[in-house]
Amino acid sequence: AAGGLRVRSAFRQGLFTDKVAIVTGGGTGIGKAITQELLYLGCKVMIASRSEEKVRTAAAEMSSQIPTDSPAQIKALQCNIRKEEDVKNLFSKTIGEFGKLDFLVNNAGGQFPSPAAHISLKGWNAVVDTNLNGTFLCCREAYHSWMSEHGGVIVNIIADMWKGFPMMSHTGAARAAVDNLTKSLALEWAANGIRINSVAPGSSIYSDTAARNYSSSDNIFLREIPNIPAKRLGKPEEVSTAVCFLLSPSSAFITGETIKVDGGQSLYRFSFEVPDHNKQPAYDWEKLIKEEESDGSPKSKL
Ligand code: ADE
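### Describing the pattern of salt bridges
Tallied over the entire structure, the rule returns 9 salt bridges. In this structure, the salt-bridge partner of Glu-52 is Arg-56, at a minimum N-O distance of 2.7 Å. One end of the pair, Glu-52, and the other, Arg-56, are both in helix 2 (residues 52-64), 4 residues apart, so they sit about a helical turn from each other. Accessibility expressed as a relative area gives 38% for Glu-52, which makes it partly exposed. Under the relative-accessibility criterion, Arg-56 is labelled partly exposed at 41%. Note that Lys-183 and Asp-179 form a salt bridge whose closest N and O atoms lie 3.9 Å from each other. Taken together, the residues Lys-183 and Asp-179, both in helix 5 (residues 169-188) and 4 residues apart, mark about one turn of the helix. A relative accessible area of 8% means that Asp-179 is categorised as buried.

Rendered as structure tokens:
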């Protein structure tokens, strides 16, 4: 039994025995929960992250939790998913180490809160480069290095950007693009035996990593609770279970789809407040015509 692993699973132990997965950003937050559930289910996992030290420490910690009688294994590689060479190296080394590649989870990402008006081109490009271009590079390399011939399953982690993503417009745009990429690839690669889907966590998934990234501690998370039909925050483990479902044969007939894991938040209240103002007067054609008649200048061609 996988007694040492901190994360259990509702899925059958051994479900992913002899499977090999790459999880980008697999050392922290939601990615770590995905990695731990995959390990519990017997998977061999390569975690990848930009920081060599962080990803190695995380792999060593999770490796020490794998019981000796489990087929699960974890290895770590430094990889900046923005760099084509790093991505090629990640896939060739993973296939070299584990002999195959069944699953890719594109979880690595990053963004910073800012009004759109104050995002520099550099900041904008960095967020699009990681979240959109990095995901594309990993999908393309999974295809060429293994999945075009042998099939496979890809899951992209996106975000709750369904009503726009004010104060996070860069990542909203990038994640919406990944949602669309998921559909294009589901069609283009269906004939290769590849399924590809997305999981869209709400901003209300609480992990220590997320809390650290968005500084002002638990506060911004707790303030969201009234806006969530579930009336609580979500857990990284509640995202990983959706990922495992999409990787498993239980979802064999699902491709090009997105599962929201947000406690219903995207259907309900929006936390962004538009300030009161009078800057958007109604369209008034009578006024336009009166102005035309009085000064003779054509204000409308209606
Ligand atoms: N996590 C956040 N940004 C990343 C990047 N560029 N490469 C890999 N993991 C990341």
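### Looking at the site of the ligand
Looking at the ligand, the residues that line it are Ser-49, Arg-50, Cys-79, Asn-80, Ile-81, Arg-82, Ala-108, Gly-109 and Thr-130. Side-chain polar atom of Asn-80 to a nitrogen atom of the ligand: 2.8 Å apart, as the coordinates give it. Within the backbone of Ile-81, one N or O atom sits 3.0 Å away from a nitrogen atom of the ligand. In isolation the ligand has 260 Å² of accessible area, and contact with the protein removes 90% of it. Counted by class, the shell around the ligand contains 3 nonpolar, 4 polar and 2 charged residues.

### Quick word on the nonpolar core
Judged by nonpolar contacts, the single largest core of 37 residues is most densely connected at Phe-16, Leu-38, Ile-47, Val-199, Val-243 and Leu-247. Put simply, the parts of the chain that give this core at least two residues each are strand 1 (20-24), helix 1 (29-40), strand 2 (44-49), helix 2, strand 3 (73-78), strand 4 (103-106), strand 5 (152-157) and helix 8 (236-247). Per-element accounting of this core gives the leading share, 6 residues, to helix 8. Residues contacting Leu-38, with those up to four places away along its chain left out, are Phe-16, Ala-21, Val-23, Cys-43, Val-45, Cys-244 and Leu-247. Of all hydrophobic cores here, the second largest spans 29 residues; its members include Ile-22, Met-46, Cys-138 and Trp-146.

Conventions and cut-offs
- Residues numbered from 1 in each chain as written.
- Predicted model: local features only at pLDDT ≥ 70, side-chain atom pairs only at ≥ 80, totals over all residues.
- Heavy atoms only, no water.
- Salt bridge = Lys/Arg side-chain N within 4 Å of Asp/Glu carboxyl O.
- Helix = DSSP H or I, 4+ residues; strand = E, 2+ residues; numbered from the N terminus.
- Buried < 20%, exposed > 50% of the residue type's maximum accessible area, 1.4 Å probe, protein only.
- Near = heavy atom within 4 Å.
- Polar contact = N/O pair within 3.5 Å; in protein donor to acceptor, adjacent residues only side chain to side chain.
- Areas by Shrake-Rupley, 256 points an atom, 1.4 Å probe, with all protein chains shown as cover.
- Nonpolar A, V, L, I, M, F, W, Y, C, P; charged D, E, K, R; others polar.
- Core = buried A, V, L, I, M, F, W, Y, C linked by side-chain atoms within 4.5 Å.
- Contact = heavy atoms within 4.5 Å.

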